[in-house]
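Listed here are the chains, written in short residue letters.
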Amino acid sequence: MQEFSKRATQKLSKLSQSQIQSLVTEISNENEMLDSIFQSVSTGLMVVSTDFHLKKINKSAERYMPFSLNPEEPKAESLFVWEIVANCEISDFLRTSFESKKTNVGEEFSVAAGDAVRFLDVSITPLVQNKNLVGSIVRIEDMTEKRTHEILLHRMEAMAGLSNIAASVAHEIKNPLGAISVHIQLVQKAVRKKREGDGSLPDEKFLEKYLDVVNQEIDRLNNIVVNFLTAVRPISVHLELVNPDRVIDELLSFFKVEFDDKTISLEKNLCGGEKVLIDEKLFREVIVNLAQNSVAAIIEKRDSDFGVFRGAVRVNSFVRDGVFTVLFMDNGIGMDEESARRVFEPYFTTKADGTGLGLAMSYKIIKEFNGDISVTSERGKGTEFVIKIPVPQKNTALLTFCEGES
(Lines give C-alpha, C1' and ligand atoms only; values in the text may rest on other atoms or scores of the structure.)
Protein backbone atom coordinates (compact mmCIF):
# COMPACT_ATOMS: atom_id res chain seq x y z
CA MET A 1 0.00 0.00 0.00
CA GLN A 2 2.81 2.40 0.84
CA GLU A 3 4.50 1.78 -2.52
CA PHE A 4 1.18 2.21 -4.30
CA SER A 5 0.50 5.50 -2.51
CA LYS A 6 4.00 6.72 -3.32
CA ARG A 7 3.64 5.97 -7.02
CA ALA A 8 0.15 7.45 -7.11
CA THR A 9 1.23 10.74 -5.53
CA GLN A 10 4.02 11.01 -8.11
CA LYS A 11 1.34 10.92 -10.85
CA LEU A 12 -1.10 13.09 -8.94
CA SER A 13 -1.44 15.67 -11.73
CA LYS A 14 -2.64 12.99 -14.13
CA LEU A 15 -5.30 11.56 -11.83
CA SER A 16 -8.99 12.34 -12.10
CA GLN A 17 -10.99 13.84 -9.25
CA SER A 18 -12.52 10.48 -8.35
CA GLN A 19 -9.11 8.77 -8.44
CA ILE A 20 -7.64 11.45 -6.16
CA GLN A 21 -10.56 11.06 -3.74
CA SER A 22 -10.11 7.27 -3.77
CA LEU A 23 -6.36 7.68 -3.15
CA VAL A 24 -6.93 10.03 -0.21
CA THR A 25 -9.44 7.60 1.30
CA GLU A 26 -7.03 4.70 0.97
CA ILE A 27 -4.19 6.72 2.52
CA SER A 28 -6.48 7.81 5.35
CA ASN A 29 -7.57 4.22 6.00
CA GLU A 30 -3.95 3.09 5.97
CA ASN A 31 -2.95 5.78 8.47
CA GLU A 32 -5.85 4.83 10.74
CA MET A 33 -4.78 1.19 10.64
CA LEU A 34 -1.14 2.07 11.42
CA ASP A 35 -2.24 4.32 14.25
CA SER A 36 -4.47 1.57 15.60
CA ILE A 37 -1.50 -0.82 15.59
CA PHE A 38 0.69 1.83 17.23
CA GLN A 39 -1.87 2.34 20.00
CA SER A 40 -2.52 -1.38 20.51
CA VAL A 41 0.99 -2.69 21.10
CA SER A 42 1.78 -3.55 24.73
CA THR A 43 5.18 -1.86 24.60
CA GLY A 44 5.10 1.82 25.47
CA LEU A 45 6.28 4.01 22.57
CA MET A 46 7.03 7.72 22.43
CA VAL A 47 8.15 9.35 19.20
CA VAL A 48 10.25 12.47 19.81
CA SER A 49 11.80 14.97 17.44
CA THR A 50 15.54 15.55 17.10
CA ASP A 51 15.25 18.25 19.79
CA PHE A 52 13.38 15.79 22.07
CA HIS A 53 9.91 17.26 21.89
CA LEU A 54 7.07 14.75 22.05
CA LYS A 55 5.43 14.08 18.68
CA LYS A 56 3.41 10.94 19.28
CA ILE A 57 2.66 8.60 22.17
CA ASN A 58 0.68 5.39 22.54
CA LYS A 59 -1.64 4.29 25.34
CA SER A 60 0.86 1.83 26.86
CA ALA A 61 3.44 4.60 27.31
CA GLU A 62 0.83 6.79 29.00
CA ARG A 63 0.00 3.88 31.31
CA TYR A 64 3.58 2.93 32.20
CA MET A 65 5.38 6.26 32.30
CA PRO A 66 4.70 8.57 35.25
CA PHE A 67 3.91 12.01 33.80
CA SER A 68 3.66 15.30 35.66
CA LEU A 69 1.68 16.77 32.76
CA ASN A 70 -0.80 15.04 30.48
CA PRO A 71 1.16 14.43 27.27
CA GLU A 72 -2.01 15.07 25.24
CA GLU A 73 -2.22 18.67 26.45
CA PRO A 74 -1.10 21.31 23.93
CA LYS A 75 1.41 22.70 26.44
CA ALA A 76 3.31 19.40 26.41
CA GLU A 77 4.34 19.95 22.78
CA SER A 78 6.41 23.02 23.71
CA LEU A 79 8.32 21.23 26.49
CA PHE A 80 11.22 18.82 26.33
CA VAL A 81 9.96 15.30 26.94
CA TRP A 82 11.93 14.97 30.18
CA GLU A 83 10.14 18.05 31.54
CA ILE A 84 6.79 16.24 31.54
CA VAL A 85 8.12 13.00 33.09
CA ALA A 86 7.43 12.85 36.84
CA ASN A 87 10.12 10.33 37.79
CA CYS A 88 13.38 12.21 38.42
CA GLU A 89 15.67 9.33 37.46
CA ILE A 90 13.92 8.65 34.13
CA SER A 91 13.80 12.39 33.44
CA ASP A 92 17.57 12.71 34.07
CA PHE A 93 18.22 9.69 31.83
CA LEU A 94 16.29 11.25 28.94
CA ARG A 95 17.89 14.66 29.39
CA THR A 96 21.42 13.24 29.67
CA SER A 97 20.89 11.06 26.59
CA PHE A 98 19.78 14.11 24.58
CA GLU A 99 22.60 16.34 25.81
CA SER A 100 25.24 13.69 25.13
CA LYS A 101 23.60 12.85 21.77
CA LYS A 102 23.25 9.19 22.65
CA THR A 103 20.58 7.39 20.63
CA ASN A 104 21.30 3.75 21.41
CA VAL A 105 20.98 3.55 25.18
CA GLY A 106 18.77 1.83 27.71
CA GLU A 107 18.39 1.59 31.46
CA GLU A 108 16.06 -0.08 33.93
CA PHE A 109 14.20 1.89 36.58
CA SER A 110 12.01 1.14 39.57
CA VAL A 111 8.92 3.32 39.80
CA ALA A 112 6.51 3.55 42.73
CA ALA A 113 2.99 2.51 41.77
CA GLY A 114 0.90 2.97 44.91
CA ASP A 115 2.15 0.44 47.45
CA ALA A 116 3.86 -1.63 44.77
CA VAL A 117 6.97 -1.13 42.66
CA ARG A 118 7.01 -1.34 38.88
CA PHE A 119 10.21 -2.10 36.95
CA LEU A 120 10.51 -0.25 33.64
CA ASP A 121 13.09 -0.81 30.92
CA VAL A 122 13.46 2.53 29.08
CA SER A 123 15.49 2.55 25.87
CA ILE A 124 16.14 5.09 23.13
CA THR A 125 16.68 4.17 19.48
CA PRO A 126 17.07 6.46 16.46
CA LEU A 127 14.20 7.16 14.09
CA VAL A 128 15.56 7.11 10.55
CA GLN A 129 13.65 8.21 7.45
CA ASN A 130 15.14 8.32 3.95
CA LYS A 131 18.58 7.67 5.46
CA ASN A 132 18.27 10.77 7.64
CA LEU A 133 17.86 10.95 11.42
CA VAL A 134 14.50 12.60 12.04
CA GLY A 135 14.09 11.86 15.75
CA SER A 136 14.14 9.08 18.31
CA ILE A 137 11.83 6.39 19.62
CA VAL A 138 11.60 6.06 23.40
CA ARG A 139 10.55 2.52 24.23
CA ILE A 140 9.08 1.63 27.67
CA GLU A 141 8.89 -2.06 28.55
CA ASP A 142 7.16 -3.21 31.74
CA MET A 143 9.57 -5.73 33.31
CA THR A 144 7.65 -6.11 36.58
CA GLU A 145 6.18 -9.54 35.86
CA LYS A 146 9.53 -10.90 34.67
CA ARG A 147 11.44 -9.56 37.67
CA THR A 148 8.77 -10.83 40.08
CA HIS A 149 8.88 -14.26 38.45
CA GLU A 150 12.69 -14.35 38.74
CA ILE A 151 12.50 -13.40 42.42
CA LEU A 152 9.82 -15.98 43.23
CA LEU A 153 11.59 -18.72 41.27
CA HIS A 154 14.86 -18.09 43.09
CA ARG A 155 13.11 -17.99 46.44
CA MET A 156 11.28 -21.24 45.75
CA GLU A 157 14.52 -22.95 44.78
CA ALA A 158 16.34 -21.66 47.86
CA MET A 159 13.61 -22.28 50.40
CA ALA A 160 11.90 -25.43 49.09
CA GLY A 161 10.83 -27.48 52.07
CA LEU A 162 13.08 -25.58 54.50
CA SER A 163 10.33 -23.58 56.19
CA ASN A 164 8.22 -26.67 56.91
CA ILE A 165 11.23 -28.49 58.36
CA ALA A 166 12.07 -25.49 60.52
CA ALA A 167 8.51 -25.25 61.84
CA SER A 168 8.44 -28.97 62.63
CA VAL A 169 11.76 -28.85 64.48
CA ALA A 170 10.71 -25.80 66.46
CA HIS A 171 7.41 -27.44 67.39
CA GLU A 172 9.10 -30.66 68.51
CA ILE A 173 11.62 -28.78 70.68
CA LYS A 174 9.23 -26.27 72.18
CA ASN A 175 6.70 -28.81 73.45
CA PRO A 176 9.04 -30.72 75.82
CA LEU A 177 10.67 -27.45 76.86
CA GLY A 178 7.29 -26.13 77.94
CA ALA A 179 6.54 -29.27 79.95
CA ILE A 180 9.97 -29.17 81.65
CA SER A 181 9.51 -25.55 82.57
CA VAL A 182 6.07 -26.15 84.13
CA HIS A 183 7.22 -29.15 86.19
CA ILE A 184 10.32 -27.36 87.47
CA GLN A 185 8.14 -24.48 88.64
CA LEU A 186 5.93 -27.00 90.50
CA VAL A 187 9.01 -28.55 92.17
CA GLN A 188 10.26 -25.14 93.22
CA LYS A 189 6.86 -24.26 94.65
CA ALA A 190 6.66 -27.55 96.63
CA VAL A 191 10.23 -27.08 97.96
CA ARG A 192 9.48 -23.58 99.18
CA LYS A 193 6.28 -24.80 100.90
CA LYS A 194 8.03 -27.68 102.69
CA ARG A 195 10.95 -25.57 103.84
CA GLU A 196 8.60 -22.97 105.27
CA GLY A 197 6.93 -25.87 107.19
CA ASP A 198 9.20 -28.37 108.97
CA GLY A 199 12.40 -27.33 107.16
CA SER A 200 13.36 -30.99 106.67
CA LEU A 201 14.62 -30.53 103.09
CA PRO A 202 18.34 -30.47 102.16
CA ASP A 203 20.31 -27.27 102.13
CA GLU A 204 19.41 -24.84 99.40
CA LYS A 205 22.53 -25.52 97.34
CA PHE A 206 21.52 -29.17 96.81
CA LEU A 207 18.25 -28.37 95.10
CA GLU A 208 17.21 -24.86 94.14
CA LYS A 209 20.53 -23.82 92.65
CA TYR A 210 20.51 -26.85 90.39
CA LEU A 211 16.97 -26.10 89.35
CA ASP A 212 18.06 -22.54 88.57
CA VAL A 213 20.71 -23.95 86.25
CA VAL A 214 18.09 -26.09 84.53
CA ASN A 215 15.93 -23.02 84.05
CA GLN A 216 18.88 -21.18 82.53
CA GLU A 217 19.44 -24.04 80.13
CA ILE A 218 15.78 -23.94 79.15
CA ASP A 219 16.13 -20.25 78.36
CA ARG A 220 19.22 -21.05 76.32
CA LEU A 221 17.40 -23.74 74.36
CA ASN A 222 14.54 -21.33 73.70
CA ASN A 223 17.05 -18.82 72.33
CA ILE A 224 18.45 -21.53 70.09
CA VAL A 225 14.98 -22.17 68.72
CA VAL A 226 14.36 -18.47 68.12
CA ASN A 227 17.73 -18.06 66.42
CA PHE A 228 17.10 -21.16 64.35
CA LEU A 229 13.80 -19.77 63.10
CA THR A 230 15.51 -16.47 62.35
CA ALA A 231 18.15 -18.28 60.32
CA VAL A 232 15.77 -20.38 58.21
CA ARG A 233 12.61 -18.28 57.96
CA PRO A 234 12.14 -16.58 54.55
CA ILE A 235 13.32 -12.98 54.55
CA SER A 236 10.81 -10.30 53.63
CA VAL A 237 12.58 -8.71 50.67
CA HIS A 238 11.47 -5.50 48.93
CA LEU A 239 13.63 -5.34 45.81
CA GLU A 240 14.23 -2.04 44.07
CA LEU A 241 16.80 -0.71 41.62
CA VAL A 242 19.33 0.90 43.93
CA ASN A 243 22.84 2.27 43.51
CA PRO A 244 24.73 0.03 46.00
CA ASP A 245 27.80 2.28 45.98
CA ARG A 246 25.71 5.08 47.43
CA VAL A 247 24.64 2.82 50.31
CA ILE A 248 28.21 1.63 50.92
CA ASP A 249 29.57 5.18 50.84
CA GLU A 250 26.97 6.40 53.35
CA LEU A 251 27.69 3.54 55.77
CA LEU A 252 31.47 3.91 55.51
CA SER A 253 31.11 7.62 56.26
CA PHE A 254 29.12 6.63 59.35
CA PHE A 255 31.80 4.11 60.44
CA LYS A 256 34.61 6.59 59.73
CA VAL A 257 34.19 8.07 63.21
CA GLU A 258 34.69 4.67 64.84
CA PHE A 259 37.57 3.85 62.50
CA ASP A 260 39.31 7.12 63.39
CA ASP A 261 38.69 6.56 67.09
CA LYS A 262 40.34 3.14 66.85
CA THR A 263 43.09 4.45 64.50
CA ILE A 264 41.91 2.26 61.63
CA SER A 265 42.60 3.69 58.19
CA LEU A 266 39.87 3.53 55.54
CA GLU A 267 40.44 3.39 51.79
CA LYS A 268 37.57 3.16 49.33
CA ASN A 269 37.41 3.04 45.56
CA LEU A 270 33.81 2.78 44.37
CA CYS A 271 32.75 2.65 40.71
CA GLY A 272 29.73 4.81 41.43
CA GLY A 273 26.96 4.59 38.84
CA GLU A 274 25.48 1.11 38.35
CA LYS A 275 22.12 0.03 39.79
CA VAL A 276 21.18 -3.45 40.91
CA LEU A 277 18.05 -5.12 42.29
CA ILE A 278 18.45 -5.16 46.07
CA ASP A 279 16.59 -4.39 49.27
CA GLU A 280 18.45 -1.33 50.54
CA LYS A 281 17.66 -1.98 54.21
CA LEU A 282 18.90 -5.58 54.06
CA PHE A 283 21.96 -4.61 52.02
CA ARG A 284 22.82 -2.12 54.76
CA GLU A 285 22.70 -4.97 57.29
CA VAL A 286 25.26 -6.89 55.24
CA ILE A 287 27.69 -3.97 54.98
CA VAL A 288 27.29 -3.10 58.68
CA ASN A 289 28.01 -6.72 59.62
CA LEU A 290 31.17 -6.79 57.47
CA ALA A 291 32.37 -3.48 58.94
CA GLN A 292 31.78 -4.64 62.51
CA ASN A 293 33.61 -7.92 61.83
CA SER A 294 36.55 -6.01 60.38
CA VAL A 295 36.80 -3.79 63.46
CA ALA A 296 36.65 -6.83 65.78
CA ALA A 297 39.33 -8.67 63.75
CA ILE A 298 41.64 -5.65 63.79
CA ILE A 299 41.19 -5.10 67.54
CA GLU A 300 41.94 -8.79 68.19
CA LYS A 301 45.14 -8.61 66.16
CA ARG A 302 46.14 -5.35 67.85
CA ASP A 303 45.64 -6.92 71.28
CA SER A 304 47.82 -9.87 70.29
CA ASP A 305 50.45 -7.47 68.97
CA PHE A 306 50.53 -5.39 72.19
CA GLY A 307 48.93 -2.36 70.56
CA VAL A 308 51.65 -1.71 67.94
CA PHE A 309 49.63 -2.94 64.93
CA ARG A 310 47.86 -0.35 62.71
CA GLY A 311 44.58 -1.54 61.25
CA ALA A 312 43.31 -0.87 57.74
CA VAL A 313 40.03 -1.43 55.89
CA ARG A 314 39.78 -1.22 52.10
CA VAL A 315 36.57 -1.33 50.07
CA ASN A 316 36.53 -1.51 46.28
CA SER A 317 33.68 -1.96 43.80
CA PHE A 318 33.51 -2.52 40.06
CA VAL A 319 31.27 -3.89 37.32
CA ARG A 320 32.58 -6.64 35.05
CA ASP A 321 30.72 -8.99 32.69
CA GLY A 322 27.33 -7.77 33.91
CA VAL A 323 28.13 -8.35 37.60
CA PHE A 324 28.50 -5.71 40.32
CA THR A 325 31.30 -6.75 42.69
CA VAL A 326 32.30 -5.44 46.12
CA LEU A 327 35.62 -6.31 47.75
CA PHE A 328 35.58 -5.72 51.53
CA MET A 329 39.09 -6.22 52.94
CA ASP A 330 40.82 -5.81 56.29
CA ASN A 331 44.26 -6.67 57.68
CA GLY A 332 42.91 -8.05 60.97
CA ILE A 333 43.56 -11.34 62.73
CA GLY A 334 42.13 -13.40 59.84
CA MET A 335 40.87 -16.99 59.95
CA ASP A 336 42.34 -20.41 59.43
CA GLU A 337 41.18 -22.50 56.46
CA GLU A 338 38.57 -24.46 58.44
CA SER A 339 36.98 -21.32 59.91
CA ALA A 340 36.88 -19.59 56.51
CA ARG A 341 35.18 -22.65 55.03
CA ARG A 342 32.45 -22.67 57.72
CA VAL A 343 32.05 -18.93 58.32
CA PHE A 344 28.61 -18.71 56.63
CA GLU A 345 27.16 -21.67 58.55
CA PRO A 346 24.48 -20.77 61.13
CA TYR A 347 25.82 -20.83 64.72
CA PHE A 348 29.46 -21.12 63.68
CA THR A 349 31.49 -18.36 65.32
CA THR A 350 35.07 -17.71 66.39
CA LYS A 351 33.98 -15.03 68.89
CA ALA A 352 33.40 -15.83 72.55
CA ASP A 353 30.21 -13.73 72.60
CA GLY A 354 29.13 -14.32 68.99
CA THR A 355 25.82 -15.89 67.93
CA GLY A 356 27.13 -17.26 64.63
CA LEU A 357 24.18 -15.74 62.76
CA GLY A 358 25.56 -12.45 61.41
CA LEU A 359 27.41 -13.83 58.41
CA ALA A 360 24.83 -16.59 57.94
CA MET A 361 22.16 -13.91 57.56
CA SER A 362 24.43 -11.88 55.26
CA TYR A 363 24.84 -14.95 53.06
CA LYS A 364 21.08 -15.50 53.03
CA ILE A 365 20.39 -11.85 52.14
CA ILE A 366 22.83 -11.78 49.23
CA LYS A 367 21.35 -15.04 47.92
CA GLU A 368 17.91 -13.36 47.99
CA PHE A 369 19.41 -10.75 45.63
CA ASN A 370 20.32 -13.64 43.28
CA GLY A 371 23.95 -12.87 44.15
CA ASP A 372 26.84 -14.56 45.89
CA ILE A 373 29.20 -13.83 48.77
CA SER A 374 32.51 -15.58 49.42
CA VAL A 375 35.52 -15.16 51.68
CA THR A 376 39.26 -15.70 51.55
CA SER A 377 41.31 -15.34 54.72
CA GLU A 378 44.66 -16.18 56.24
CA ARG A 379 45.33 -16.34 59.94
CA GLY A 380 47.37 -13.37 61.06
CA LYS A 381 47.15 -11.54 57.72
CA GLY A 382 43.56 -10.50 57.10
CA THR A 383 40.27 -11.28 55.40
CA GLU A 384 38.58 -10.40 52.11
CA PHE A 385 34.84 -10.75 51.51
CA VAL A 386 33.61 -10.68 47.89
CA ILE A 387 29.98 -9.78 47.13
CA LYS A 388 28.66 -10.30 43.59
CA ILE A 389 25.22 -9.12 42.45
CA PRO A 390 24.03 -9.39 38.83
CA VAL A 391 23.25 -6.17 36.97
CA PRO A 392 19.75 -6.38 35.44
CA GLN A 393 19.98 -7.28 31.77
CA LYS A 394 17.85 -5.68 29.11
CA ASN A 395 15.30 -7.78 27.23
CA THR A 396 16.40 -6.59 23.81
CA ALA A 397 19.74 -5.72 22.35
CA LEU A 398 19.87 -2.17 21.03
CA LEU A 399 20.95 -1.89 17.40
CA THR A 400 23.52 0.69 16.45
CA PHE A 401 22.45 3.16 13.77
CA CYS A 402 24.43 6.02 12.32
CA GLU A 403 23.10 9.11 10.69
CA GLY A 404 22.62 8.48 7.02
CA GLU A 405 21.97 4.73 7.54
CA SER A 406 18.67 2.90 7.52
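Preceding block: the structure.
Cut-offs applied
- Residues numbered from 1 in each chain as written.
- Predicted model: local features only at pLDDT ≥ 70, side-chain atom pairs only at ≥ 80, totals over all residues.
- Heavy atoms only, no water.
- Helix = DSSP H or I, 4+ residues; strand = E, 2+ residues; numbered from the N terminus.
- Buried < 20%, exposed > 50% of the residue type's maximum accessible area, 1.4 Å probe, protein only.
- Contact = heavy atoms within 4.5 Å.
- Areas by Shrake-Rupley, 256 points an atom, 1.4 Å probe, with all protein chains shown as cover.
- Lys, Arg positive; Asp, Glu negative; His and termini not counted.
- Salt bridge = Lys/Arg side-chain N within 4 Å of Asp/Glu carboxyl O.
- Polar contact = N/O pair within 3.5 Å; in protein donor to acceptor, adjacent residues only side chain to side chain.
- Pairing = 2+ DSSP bridges.
- Axes fitted to C-alpha atoms, helices over the stretch in contact; angles between N-to-C directions.
- Phe/Tyr/Trp six-rings, centres within 6.5 Å; stacked < 30°, edge-to-face > 60°.
- Expected span 1.5 Å × (residues − 1).
- Arc of directions from axis to C-beta.
- Left-handed = near helix turned anticlockwise from the far one by under 90°.
- Nonpolar A, V, L, I, M, F, W, Y, C, P; charged D, E, K, R; others polar.

(A) Seen up close, the overall build of the chain. Per the secondary structure count, the chain includes 11 helices and 12 strands. Burial analysis of the chain (406 residues in total) assigns 37% to the buried set. In the chain, once contacts between residues fewer than 6 apart in sequence are set aside, the share between residues at least 24 apart is 61%. Accessible surface, the chain as shown: approximately 23,700 Å² in total, 53% of it carbon and sulfur.

(B) The side chain of D330, seen in detail. Structurally, D330 is set in strand β10 (residues 323–330). Buried within the structure, D330 lacks any salt-bridge partner; its nearest side chain of opposite charge belongs to K301, at an N-O separation of 8.1 Å. A polar atom in the side chain of D330 sits 2.8 Å from the backbone nitrogen of G332. Excluding residues within four positions of it along the chain, D330 makes contact with S294, A297, I298, A312, V313, K381, G382 and T383.

(C) Quick peek at the sheet that holds strand β1 (residues 44–49). The 5 strands are arranged β2-β1-β5-β4-β3 in an open sheet whose pairing can be described as antiparallel. Each edge of the open sheet is held by one strand with a lone partner, namely β2 (54–57) and β3 (105–113). Across the sheet, the mean angle separating the axes of adjacent strands is 25° when strand polarity is ignored. Note: β1 against β2, 3 bridges, orientation antiparallel. Within the sheet, the bridge partner assigned to V47 lies in β2 and is K56. Lying over the sheet, helix α2 (residues 17–40) contacts β1 and β2, oriented at roughly 80° with respect to β2. Relative to the sheet, helix α4 (residues 88–99) contacts β3, β4 (116–129) and β5 (132–142), its axis offset from that of β3 by approximately 160°.

(D) Structural detail: the packing of aromatic side chains. On inspection of all chains with the given rule, the structure shows 10 aromatic pairs. Ring geometry for F80 against F98: centres 6.0 Å apart, planes inclined by 40°, an arrangement best described as tilted. Highlighted residues: F80 in the loop between α3 (59–64) and α4 and F98 in helix α4, separated in sequence by 18 residues. For F98, a relative accessible area of 25% puts it in the partly exposed group. By way of ring pairs, the aromatic residues F52, F80, W82 and F98 are connected into one cluster.

(E) Expanded view of the pattern of salt bridges. Applying the stated criterion to the full structure yields 16 salt bridges. We note a salt bridge from E378 to K381, for which the minimum N-O separation is 3.6 Å. Take K381: its relative accessible area is 56%, and that puts it in the exposed class. The structure contains a network of salt bridges with shared partners spanning R246, E250, E280 and R284.

(F) The arrangement of α4 in detail. Taking 1.5 Å per residue, 12 residues should reach 16 Å; α4 reaches 16 Å between its end C-alpha atoms and fits that length. Here α4 has its buried residues at I90, S91, F93, L94 and S97. Down the axis of α4, the smallest arc covering the buried residues is 160°, so these residues share one side. Exposed side of α4, more than 90 degrees from the buried face: C88 and E99 are the residues found there. For α4, the secondary structure elements touched by its buried residues are β3, β4 and β5. Trailing α4 by a residue or two, K101 shows a phi angle of about 60°, which is positive.

(G) Looking closely at the packing of helix α8 (residues 244–261) against helix α9 (residues 280–304). Running from N to C, α8 and α9 cross one another at 35°; their axes reach a closest spacing of 10 Å. Crossing hand, α8 versus α9: right-handed. Two secondary-structure elements touch here, α8 through P244, R246, V247, I248, E250, L251, F255, E258 and F259 and α9 through E280, F283, R284, I287, V288, A291, Q292 and V295. Considering only residue class, the contact of α8 with α9 consists of 11 nonpolar, 1 polar and 5 charged.

(H) Here's a closer look at the sheet that holds strand β12 (residues 382–390). Here we have 5 strands laid out as an open sheet, ordered β7-β9-β10-β12-β11, and mixed in their pairing. With one partner strand each, in any of the chains shown, β7 (264–269) and β11 (372–378) form the two edges of the open sheet. Ignoring strand direction, the axes of neighbouring strands in this sheet form an average angle of 10°. As paired strands, β7 and strand β9 (residues 311–320) are joined by 6 bridges and run parallel to one another. What sits directly across from L266, in β9, is V313. Sheet strands touched by α8: β7, β9 and β10. Its angle to β7, the strand with the most contacts, is close to 165°. On top of the sheet, helix α11 (residues 358–368) reaches β11 and β12; it is set at about 140° to β11, its chief contact.

(I) Quick look at unusual backbone geometry. With phi around 55°, N130 is a residue other than glycine that occupies positive phi space. One can find N130 in the loop between β4 and β5. Look at D321: it is not a glycine, yet its phi comes out positive at around 55°. By secondary structure assignment, the location of D321 is in the loop between β9 and β10. A residue is classified by how much of its surface remains accessible, and D321, at 75% relative accessible area, is exposed.

(J) Representation of the environment of S236. Residue position: S236 is located in the loop between α7 (208–232) and β6 (240–242). Relative accessible area serves as the criterion here: at 68%, S236 is assigned to the exposed category. Spatially, the C-alpha atom of S236 lies 9.4 Å from that of L282, the residues being 46 residues apart in sequence. The contacts of S236, once residues within four sequence positions are left out, are D279 and L282.

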